[in-house]
Amino acid sequence: MTLGFIFFVPLALGILTVYYGEKERKRSWPYRIFTPWVPCLILMLAAFLIGWEGSICILMALPIFLIMSSLGGVIAALIFQTKRHQQNNFPLVIFFAALPFVSASIENQFRLPQSVRMVETQITINASPQIAWRNIERVREIKQNEQKNSLFQLLGFPRPIEATLSHEGLGGVRHASFAGGVLFVETITKWEPEKELNFSIKADTASIPPTTLDEHVTVGGPYFDVLEGSYRIETLSNEQVVLRLSSKHRLSTRFNFYAGWWTDYIMRDIQENILGIIKDRCESQALKGETP
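Each value, and the rule that gives it
Along each chain, the written sequence defines residue order, and numbers are assigned to residues from 1. Reporting of local features is limited, given that this is a predicted model, to residues whose pLDDT is at least 70; pairs of side-chain atoms are given and counted only at 80 or more, and all residues count toward the totals for whole chains, interfaces and linings. Working from all heavy atoms in the structure, the side-chain values ignore hydrogens and water. Comment: elements are numbered from the N terminus, with helices defined as DSSP H or I runs of at least four residues and strands as E runs of at least two. A simple rule labels every residue: compare its accessible area, found with a 1.4 Å probe on the protein chains alone, to the largest value its type can have, and call it buried under 20%, exposed over 50%, or partly exposed in between. For the purposes of these results, a polar contact is taken to be a pair of N or O atoms within 3.5 Å, where, inside protein, one atom must be able to donate a hydrogen and its partner to accept one; residues adjacent in sequence count only when each atom of the pair is a side-chain atom. Whether two residues are in contact is decided by their heavy atoms: any pair within 4.5 Å suffices. Whenever a carboxyl oxygen of Asp or Glu lies within 4 Å of a side-chain nitrogen of Lys or Arg, that contact is scored as a salt bridge. Paired strands, in this sense, are two strands between which DSSP finds at least two bridges. To get an axis, fit a line to the C-alpha atoms, keeping to the stretch in contact for a helix; angles then go from 0 to 180 degrees between the N-to-C directions. The span you would expect from a helix comes to 1.5 Å times its residue count less one. Think of it as the arc spanned by the lines of direction from the helix axis to the C-beta atoms. Here a Phe, Tyr or Trp ring, Trp counted by its six-membered ring, pairs with any other such ring whose centre lies within 6.5 Å, and the pair is stacked when the planes are under 30 degrees apart, edge-to-face when over 60, and tilted otherwise. The criterion is simple. A nonpolar core is a set of buried Ala, Val, Leu, Ile, Met, Phe, Trp, Tyr and Cys residues joined through side-chain atoms within 4.5 Å.

Caption draft 1: Main features of the side chain of Asn 256. Along the chain, Asn 256 falls in helix H8 (residues 256-287). By relative accessible area, Asn 256 is classed as buried at 12%. Side-chain polar atoms of Asn 256 contact the side chain of Thr 253, separated by 2.7 Å. In contact with Asn 256, not counting residues within four places along its chain, are Pro 113, Gln 114, Ser 115, Arg 117 and Leu 251.

In structure tokens:
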């Protein structure tokens, strides 16, 4: 989880690959650009197989690894072409090979930067505000056939199961359960029936088995946490509403500028999945003529 590993390791791999390839004979530009991908992919596969990284971390790192390794190949070609007649390029190679370790040791002297990010999604529901409210204050158990095909589940993030509520009104506690033993304790901070439901979020880290989530994306861990959630109902008519779901999360990495794109995307995917389930339930109840 350092810039040295994410950016400089693939750069060094690209430089080393092309350096030793060019020692045998002059290589083509496609070789210099794409051959560095081979050691990167082997490293990724090894990290996955021996359990160093989970699928989400592999997916997040892969684009950077491929781009930086190709950049390393290009840099090596340009440097060693201009130094072709010099006898000893090895010190320069050693410098690039040591760069990830030097960078990581420097980075670890500083605290992780923190970024608080907000993600909002919305969906139009053909049902009354009363029905919509009933389906967000509590969420009864979600059956497997109600689940949507979502990226976050393919990556190993647990699917939502249910949300219970201790009592209505401010101070009420929702227990949002996800597969794999993941539990969020949500304390109501704003309660406006048929309009808005806000809550703070605290992950029950003691209940989450270590095998459920990769340590780098564990909710409540040093790198990622979910802080707040909010449902807002905008009434369009007695039979149609817009339901908005927003969440606030903390991101703490050396590369928030890149990881933030991924966490926003995954949080949006999770929220859209939940809104889709709520929409189906609300509209089914409206068609059956059920009353709150």
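Having seen it, we continue.
Caption draft 2: Highlighting the pattern of salt bridges. For the structure shown, the criterion picks out 13 salt bridges. A salt bridge links Arg 174 to Glu 186; the shortest N-O distance between them is 2.5 Å. Pair noted here: Arg 174 is in strand E3 (residues 173-178) and Glu 186 is in strand E4 (residues 182-192), with a separation of 12 residues, a long-range link. For Arg 174, a relative accessible area of 3% translates into the label buried. Salt bridges sharing common partners tie together Glu 120, Arg 232, Glu 234 and Arg 244.

Caption draft 3: Representation of the sheet that holds E4. As summarised here, the arrangement of the seven strands in space is E1-E7-E6-E5-E4-E3-E2, forming an open sheet in which the pairing is antiparallel. One side of each edge strand has no neighbouring strand; the edge strands of this open sheet are strand E1 (115-125) and strand E2 (160-165). In this sheet, adjacent strand axes meet at a mean angle of 20 degrees when their direction is disregarded. With eight bridges connecting them, E4 and strand E5 (residues 196-203) associate as antiparallel partners. Looking across to E5, one finds that Val 185 is bridged to Lys 202.

Caption draft 4: Just helix H3 (residues 37-49), in detail. The terminal C-alpha atoms of H3, which comprises 13 residues, lie 18 Å apart, in line with the 18 Å expected from a rise of 1.5 Å per residue. Listing the buried residues of H3 in full gives Cys 40, Met 44 and Ala 47. Seen end-on, H3 carries its buried residues on one side only, within an arc spanning 65 degrees. Turned more than 90 degrees off the buried face of H3, the exposed positions are Ile 42 and Leu 49.

Caption draft 5: Seen up close, the packing of aromatic side chains. If you walk through the whole model with that rule in mind, you get 10 aromatic pairs. Here the aromatic rings of Phe 5 and Phe 65 are separated by 5.7 Å at their centres, their planes lie at 55 degrees, and the arrangement is tilted. Of this pair, Phe 5 sits in helix H1 (residues 3-24) while Phe 65 sits in helix H4 (residues 55-82), and the two are 60 residues apart along the sequence. Their ring planes at 85 degrees and their centres at 5.2 Å tell us that Trp 261 and Trp 262 sit as a pair that is edge-to-face.

Caption draft 6: A look at the environment of Ser 28. For Ser 28, the location among the structural elements is in the loop between H1 and helix H2 (29-34). Residue classification places Ser 28 among the partly exposed residues on the basis of a relative accessible area of 41%. As a C-alpha pair, Ser 28 and Ala 77 span 49 residues in sequence and 9.6 Å in three-dimensional space.

Caption draft 7: Highlighting the nonpolar core. Counting 66 residues, the largest nonpolar core has Tyr 231, Leu 243 and Ile 278 as its most contacted members. Apart from residues no more than four positions distant in its own chain, Leu 243 is found in contact with Thr 121, Gln 122, Ile 123, Ile 125, Ile 136, Tyr 231, Arg 232, Ile 233, Leu 275 and Ile 278.

Caption draft 8: The arrangement of helix H6 (residues 129-137) in detail. In terms of burial, H6 is a largely internal element, seven of the nine residues being buried. For H6, the set of buried residues is Pro 129, Ile 131, Ala 132, Trp 133, Asn 135, Ile 136 and Glu 137.

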